[in-house]
Amino acid sequence: DPNELKDYSGGRSYEDLKKFADENLGPTCGPGENIELCDEETRKRIEAYVKMSVGKLEGKIRNTIKNFEVELPIMKKVVAHLKSEKGGSAEL
């Protein structure tokens, strides 16, 4: 669980890291063999992506990156502006 990360205080050699990984880490949700580890919503999304062509999926990735890098900062500025105009209680 990414919300329960802890500092690793073990050795840094390959053997130490391998031992730690073997004892503490396991498979995670993802396409292929580990799809059964996913919750229903994630499984449906993965299955939809797997049906797409590589080109279509790469285009979707580019669009998501653009939305994150370009659109999100603009939207945050607009929200801040709206909140300041309305005294901090802008209805969105």
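(A) Structural context of the overall build of the chain. The secondary structure content of the chain amounts to three helices and zero strands. Here the chain has a C-alpha radius of gyration of 21 Å; the compact-globule value for 92 residues is 12 Å, and the former is much larger. Side-chain charges of the chain comprise 16 positive and 18 negative groups, with the mean position of each set lying 8 Å from the other.

(B) Local environment of the pattern of salt bridges. Summed over all chains, the structure comprises three salt bridges. Linking E23 and K19 is a salt bridge whose minimum nitrogen-to-oxygen distance equals 3.6 Å. Taken together, the residues E23 and K19, both in helix α1 (residues 14-24) and four residues apart, mark about one turn of the helix. With relative accessibility at 53%, the residue E23 sits in the exposed group. Linking R43 and E40 is a salt bridge whose minimum nitrogen-to-oxygen distance equals 3.4 Å. One end of the pair, R43, and the other, E40, are both in helix α2 (residues 40-51), three residues apart, so they sit about a helical turn from each other. By relative accessible area, E40 is classed as partly exposed at 45%.

(C) Structural view of the state of the cysteines. Following the criterion strictly, the structure yields one disulfide and no others. Across the disulfide, C29 is cross-linked to C38 (sulfur-sulfur distance 2.0 Å). An S-S torsion of about 100° defines the bridge between C29 and C38 as right-handed. Take C29: its relative accessible area is 34%, and that puts it in the partly exposed class.

(D) Broad picture of a nonpolar patch on the surface. Together, V70, I74 and V78 give the surface a local cluster of nonpolar side chains, amounting to about 230 Å² of exposed area. With respect to the secondary-structure elements, I74 resides in helix α3 (residues 54-85).

(E) Broad picture of the environment of G11. In this structure, G11 sits in the segment before α1. Residues G11 and T42 lie 31 residues apart in sequence; the distance between their C-alpha atoms is 35 Å. In contact with G11, not counting residues within four places along its chain, are D16 and L17.

The rules behind the values
Residues numbered from 1 in each chain as written. Predicted model: local features only at pLDDT ≥ 70, side-chain atom pairs only at ≥ 80, totals over all residues. Heavy atoms only, no water. Helix = DSSP H or I, 4+ residues; strand = E, 2+ residues; numbered from the N terminus. Rg over C-alpha atoms; globule rule 2.2 N^0.38 Å. Lys, Arg positive; Asp, Glu negative; His and termini not counted. Charge placed at Lys NZ, Arg CZ, Asp CG, Glu CD. Salt bridge = Lys/Arg side-chain N within 4 Å of Asp/Glu carboxyl O. Buried < 20%, exposed > 50% of the residue type's maximum accessible area, 1.4 Å probe, protein only. Disulfide = S-S within 2.5 Å. Patch = residues over 30% accessible without salt bridge, like charges linked within 9 Å, V, L, I, M, F, W, Y side chains within 5 Å. Areas by Shrake-Rupley, 256 points an atom, 1.4 Å probe, with all protein chains shown as cover. Contact = heavy atoms within 4.5 Å.

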